[in-house]
Amino acid sequence: MTIELLKGDITTIAVDAIVNAANSSLLGGGGVDGAIHRKGGKAILEECIQIRNRQGGCATGEAVYTTAGNLPAKYVIHTVGPVWNGGSNKESQLLQSCYLNSLRIANELTLKSIAFPNISTGIYHYPKQQAAEIAIHAVQAFGEEESSLEQVLFVCFDNENYQIYQKILLK
Ligand code: AR6
C-alpha cells in the first residue's frame, strides 16, 4: 500500500472513494462537505437521507458510504470527525477512528484507492500538526495488515496542512 500526498481539491480526484469530513446529520454543511454535495449532485444527499432514516445519522468517529454522484470517484465515505474541545474529550481516539473506519469500509467494498481530506482541521478546529500525526499513523498501521487497498492519498486543500504532511512523510 502506497501513501501519497497531494495539494488540491478532493472533489476532482478519480479514486475509488473519497472521504468526506461530514457532520452527524449527514445533511451537508460547509468546507469539504459543502463542496462534495455541491459538485456531486443530489444523489449523494438522497442516499444520506436513506441512511439517516435507517440508522439516525452517523456518530462521531464512525463512517458510512454513498455513491459519489457526478464526482469522478466511485464512492463517498462520510465520516464525522470530532470537534476540537481542548484535547481531553477523546478527540484523538475519535479522529483515529474516522480514518480506521473509513479504511475498513473501503476494504469491505474491496476498493484499491482512497483519498482523505484533513478531517476536523477546518470548521472543527483540530490542531493541524496533531491531526496529521494521527491521520498518517492510522493509515500506516492499517497498511501493515492485509487489505484490498493499494493507494491512499492525503489531499491537502490548504498550504499549511500540505507542509505539515510533507514534513512528517519525508521523515
Ligand atoms: N478538498 C479537500 N479539502 C478541503 C476542501 C476540498 N474541496 N475544502 C476544504 N478542505 P472542513 P471539519 C479542507 O471544515 O473541520 C462542515 O460544515 C479544509 O482546508 O471541511 O471536519 C461539515 O458539515 C480542512 O483542512 O471539515 C461539518 O459540520 C479540511 O478540509 C464540519 O464542517 C477539513 O475542513 C466538519 O468540520
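Residue positions within a chain follow its written sequence, with the count starting from 1. Totals for whole chains, interfaces and linings use all residues, but because this is a predicted model, local features are given only for residues with pLDDT of at least 70 and pairs of side-chain atoms are given and counted only at 80 or more. Excluded from the side-chain calculation are hydrogens and water; included are all heavy atoms of the structure.

A. Spatial organisation of the pairing of strand β6 (residues 151-156). Per-residue accessibility, obtained with a 1.4 Å probe over protein chains only, is compared with the maximum for each type, and a residue is labelled buried under 20%, exposed over 50%, and partly exposed between these values. Helix and strand definitions here come from DSSP, where helices need a minimum of 4 consecutive H or I residues and strands a minimum of 2 consecutive E residues; each element is numbered from the N-terminal end. Burial within β6 is extensive, with 5 of its 6 residues counted as buried. Examined bridge by bridge, strand β1 (residues 2-7) and β6 share 6 bridges and lie parallel to one another. Within the sheet, the bridge partner assigned to Leu-6 lies in β6 and is Val-155. Note: strand β5 (residues 113-116) against β6, 4 bridges, orientation parallel. Each pair of strands is called paired provided DSSP finds at least two bridges between the two strands.

B. Structural context of the confidence of the model for the chain. Note on scores: pLDDT gives the predictor's confidence for each residue, bounded by 0 and 100. When pLDDT is averaged across the chain, the result is 98; 100% of the residues are at 70 or more. Interface scoring of the predicted complex returns ipTM 0.99; its pTM is 0.98.

C. Looking closely at the packing of aromatic side chains. Stacked, edge-to-face and tilted are the three classes for Phe, Tyr and Trp ring pairs, Trp counted by its six-membered ring, which pair at centre distances within 6.5 Å; planes under 30 degrees apart are stacked, over 60 edge-to-face, the rest tilted. Scanning all chains against the criterion turns up 5 aromatic pairs. Look at Trp-84 and Tyr-126: their rings are 4.8 Å apart centre to centre, the planes differ by 65 degrees, and that puts the pair in the edge-to-face class. Here Trp-84 is found in the loop between β4 (75-80) and α3 (91-108), whereas its partner Tyr-126 is found in the loop between β5 and α4 (128-143), with 42 residues between them in sequence. On the basis of relative accessible area, Trp-84 is assigned to the partly exposed category, the value being 24%. Aromatic side chains Phe-116 and Phe-154 sit 6.2 Å apart centroid to centroid with 35 degrees between the ring planes, which places their arrangement in the tilted category. Linking Phe-116 in strand β5 with Phe-154 in strand β6, this pair joins segments that are 38 residues apart in sequence. Accessibility assignment for this pair places Phe-116 and Phe-154 in one class, buried. In textbook terms, an aromatic cluster arises when at least three aromatic residues are bridged by ring pairs, as seen for Tyr-99, Phe-116, Phe-154 and Tyr-165.

D. Broad picture of the side chain of Ser-113. Its location among the elements puts Ser-113 in strand β5. Judged by its relative accessible area of 10%, Ser-113 falls in the buried class. Any pair of residues with heavy atoms lying within 4.5 Å of one another is described as a contacting pair. If we ignore the near neighbours within four places in the chain, the residues touching Ser-113 are Val-15, Asp-16, Ala-17, Leu-149 and Gln-151.

E. Structural detail: a nonpolar patch on the surface. Note that patches include only residues with greater than 30% relative accessible area and no salt bridge, and the join distances are 9 Å for like charges and 5 Å for nonpolar side chains (Val, Leu, Ile, Met, Phe, Trp, Tyr). Where accessible areas are quoted, they stem from the Shrake-Rupley method and a 1.4 Å probe; at the residue level, only the protein chains shown are allowed to cover. Any Lys or Arg side-chain nitrogen located within 4 Å of an Asp or Glu carboxyl oxygen qualifies as a salt bridge. Together, Leu-27, Leu-45 and Ile-49 give the surface a local cluster of nonpolar side chains, amounting to about 210 Å² of exposed area. Note that Ile-49 resides in helix α2 (residues 42-55). Take Ile-49: its relative accessible area is 35%, and that puts it in the partly exposed class.

F. Layout of the site of the ligand. If you check the shell around the ligand, you find 23 residues, and the closest are Asn-23, Gly-30, Val-32, Asp-33 and Ile-123. Polar contacts, as used here, are pairs of N or O atoms within 3.5 Å; protein pairs need one atom able to donate a hydrogen and one able to accept it. Residues neighboring in sequence count only if both atoms are side-chain atoms. Here an oxygen atom of the ligand sits 2.8 Å away from a polar atom, N or O, in the side chain of Thr-121. Within the backbone of Tyr-124, an N or O atom sits 3.0 Å from an oxygen atom of the ligand. Protein burial of the ligand: of its 700 Å² of free accessible surface, 91% is covered by the chains. Only a single heavy atom is needed: when it lies within 4 Å of a molecule or strand, its residue is near that molecule or strand.

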